[in-house]
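The primary structure of each chain is shown beneath.
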Amino acid sequence: MAHYIVYWPQDWVQELKKAGDKGPIKVVFGSIHARMPSIVSVKVGDVVFPVTLIKKKLYAMARLPVTHRECAFDYCMRELGREYGALTPEGIVVKKKDTFYWSKGQSFHCAEAIPAGMTLMIESDKPHAKHQEPFNCCSQWAVWGEDGSSIEPRLIPDEAIPLLRFGYPKSKEKPLRLDKAGNVLSMSLTATRHMSEETAEIFEELF
């Protein structure tokens, strides 16, 4: 079992707060863009901690034990009824209102124009929590589970920040980058980071 942090930008945390979404957390997405870093390394059995910066302080927002891993498109269509900007797999055509959209960027205005061999999926609206929507386009993977924590900011103590180490294997572990005041720089968080065992213990104590 491995432990990871993934970054939630402040504007997304504010959207969750505005929506009143306090969890429990059900899913974490990864995309092909730095705003929502790839989670390709996260496997079933791992634990993911979304983190954020609030007034330059590092907070753990939630804890998600991963029991399933799948294509973000499949998760979104099944759980939300819409793709929400997830990458559409080859061979899929999605009907949105009266238009049929193909993953190659083409669209059709009638079912008869869809190329042979394509799988047709129809959008719908299913009730869901705000955090179940990817906050960035081109989502690639979704990891999810049923035993997630509540979603709320949990402060990482200042004295613990210099002790945090990330990387794999142990010989490649590195601390987070800090400014002169000892605050975590956001650039240190724009990648999915594998925790050291000692770092995982610090995070686990918050839950």
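J.: Looking at this model, I keep getting lost on the environment of Lys95. Mind explaining?
T.: Mapped onto the secondary structure, Lys95 falls in strand β7 (residues 92–96). For Lys95, a relative accessible area of 27% gives the class partly exposed. If sequence neighbours within four positions are ignored, Lys95 has contacts with Phe100, Leu120, Met121, Ile122 and Glu123.

J.: How do you make sense of the sheet that holds β7 when you look at a structure like this?
T.: Sheet strands associate in pairs through backbone hydrogen bonding, adopting either a parallel or an antiparallel arrangement. Strand order in the open sheet formed by four strands is β9-β8-β7-β10, with mixed pairing between adjacent strands. Of all the strands in the sheet, just β9 (107–108) and β10 (119–122) have a single pairing partner and so form its edges. The pairing of β7 with strand β8 (residues 99–102) spans four bridges and is antiparallel. Its bridge partner lying in β8, Lys95 is registered against Phe100.

J.: Sorry, what's going on with the pattern of salt bridges here?
T.: Per the stated rule, a full pass over the model turns up 10 salt bridges. Lys130 is the partner of Glu15 in a salt bridge, and the nearest nitrogen-oxygen pair spans 3.7 Å. Of the two residues, Glu15 is situated in helix α1 (residues 10–19) and Lys130 in the loop between β10 and β11 (139–144); the sequence distance between them amounts to 115 residues. Residue Lys130 is classed as partly exposed on the basis of its relative accessible area, which comes to 25%. Between Glu79 and Arg78 there is a salt bridge, with its nearest N and O atoms 2.9 Å apart. You can call Glu79 partly exposed: its relative accessible area is 29%. Residue classification places Arg78 among the partly exposed residues on the basis of a relative accessible area of 34%. Connected via shared salt-bridge partners are Glu15, Lys130 and Glu133.

Reading the values: rules and limits
- Residues numbered from 1 in each chain as written.
- Predicted model: local features only at pLDDT ≥ 70, side-chain atom pairs only at ≥ 80, totals over all residues.
- Heavy atoms only, no water.
- Helix = DSSP H or I, 4+ residues; strand = E, 2+ residues; numbered from the N terminus.
- Buried < 20%, exposed > 50% of the residue type's maximum accessible area, 1.4 Å probe, protein only.
- Contact = heavy atoms within 4.5 Å.
- Pairing = 2+ DSSP bridges.
- Salt bridge = Lys/Arg side-chain N within 4 Å of Asp/Glu carboxyl O.

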